[in-house]
Amino acid sequence: MNNNKFIILCFMLGFTLQSCTTAILDEVDKNTLPPLEKTVTYESDIKSIMTNHCITCHAGPAPNAGLDLSTYANTKYSAEQGSLVARMNNATNPMPPSGKLSPETLQILDKWITDNLPEN
Ligand code: HEC
């Protein structure tokens, strides 16, 4: 086959793969997951989520939006009084900005809220 045809074929394959992946990701909703039985705590569950996904921007001397998510007190405050939960679940303007975290992770956050945001 000539080069042009090959390039067109690659584009088509790329688009197909992309729409498949998007469909799969959209299909899994945190509300369809089996309920979490265990109690979620900051130390055992939430801290690592913040460390892995948030504190590159939300910690240090000049955190983005003035929001430091490196401590229990601040994370709890943002979850209770701020927009942490809303932004992490926001499809169009999510946190982290690179895209919503997995449904499993968002379910853990929801359970922490239901459990009243325990530290340990
Ligand atoms: C790549 C950098 C980056 C990462 C990673 C990131 N954020 Fe943000 N965040 C920002 C910026 C920039 C803003 C301010 C602009 C905006 O609100 O979109 C912001 C704003 C916010 C706000 C709104 C604060 C306010 O007072 O309006 C919340 C809540 C938030 N982020 C939570 C999080 C959480 C939780 C995570 C991890 C799950 C996270 N962010 C990861 C850059 C980041």
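Here the structure is a predicted model, which means the values were calculated and not measured.

## Let's talk about the coordination of the iron atom of the ligand
So, point 1. Summarising the metal site, the iron atom of the ligand is bound by the protein donors H58 (NE2) and M95 (SD), whose distances to it range over 2.0 to 2.2 Å.
So, point 2. In this structure, the iron atom of the ligand is coordinated by 6 donor atoms arranged in octahedral fashion, with angles at the metal of 87 to 179°. Residue H58 is found in the loop between α2 (42-53) and α3 (72-80), and its partner M95 is found in the loop between α4 (84-88) and α5 (103-114); the two are separated by 37 residues along the sequence.

## Digging into the site of the ligand
So, point 1. Taken together, 16 residues lie around the ligand, and C54, C57, H58, R87 and M95 are the ones closest in.
So, point 2. Side-chain polar atom of H58 to a nitrogen atom of the ligand: 2.8 Å apart, as the coordinates give it.
So, point 3. For the ligand, an oxygen atom lies 2.8 Å from a polar atom in the side chain of R87.
So, point 4. If one sorts the elements of the shell around the ligand by residue count, α4 sits on top with 3 residues.
So, point 5. A per-class count over the shell around the ligand returns 10 nonpolar, 5 polar and 1 charged.

## Remarks on α5
So, point 1. With 12 residues, α5 extends 16 Å from end C-alpha to end C-alpha; this agrees with the ideal 16 Å at 1.5 Å per step.
So, point 2. The complete set of buried residues in α5 reads P103, T105, L106, Q107, L109, K111 and W112.
So, point 3. Buried residues in α5 make contact with α2, α3 and α4.
So, point 4. Of the residues trailing α5, N116 is marked for its positive phi of about 70°.

## Looking at the side chain of K111
So, point 1. In this fold, K111 is placed in helix α5.
So, point 2. According to the relative accessible area criterion, K111 is buried, its value standing at 17%.
So, point 3. In this structure the side chain of K111 is engaged in a polar contact, spanning 2.7 Å, whose partner is the backbone oxygen of K38.
So, point 4. Once residues within four sequence positions are removed from consideration, K111 is found in contact with L36, E37, K38, T39 and V40.

Rules and cut-offs
- Every residue gets a number counted from 1 within its own chain, in the order that chain's sequence is written.
- Restriction of local features to residues with pLDDT of at least 70 applies here, the model being predicted, together with a cutoff of 80 or more for giving and counting side-chain atom pairs; totals for whole chains, interfaces and linings are based on all residues.
- Each side-chain value is derived from all of the structure's non-hydrogen atoms; neither hydrogens nor water enter the calculation.
- Counted as donors are the N, O and S atoms within 2.8 Å of the metal, or 3.2 Å for Na, K and Ca, while water is not among the atoms, so some sites may look incomplete.
- Think of it this way: with four donors and all angles in the 85 to 135 degree range, the site is tetrahedral; with four or six donors, opposite ones beyond 155 degrees and the rest between 65 and 115, it is square planar or octahedral; otherwise it is irregular.
- Under the DSSP-based scheme used, a helix requires at least four consecutive residues in state H or I and a strand at least two consecutive residues in state E, with every element numbered from the N terminus.
- Throughout, near means a residue has at least one heavy atom within 4 Å of the molecule or strand.
- Between N or O atoms, a polar contact is any pair within 3.5 Å; within protein, one atom must be a potential hydrogen donor and the other a potential acceptor, and residues adjacent in sequence are included only when both atoms are from side chains.
- Ten residue types, Ala, Val, Leu, Ile, Met, Phe, Trp, Tyr, Cys and Pro, are classed as nonpolar, four, Asp, Glu, Lys and Arg, as charged, and the remainder, Gly among them, as polar.
- A helix is expected to span 1.5 Å for every residue after the first.
- Three exposure classes are used, based on accessible area relative to the maximum for each residue type with a 1.4 Å probe and protein chains only: buried under 20%, partly exposed in between, and exposed over 50%.
- In this analysis, two residues are considered to be in contact whenever any of their non-hydrogen atoms come within 4.5 Å of each other.

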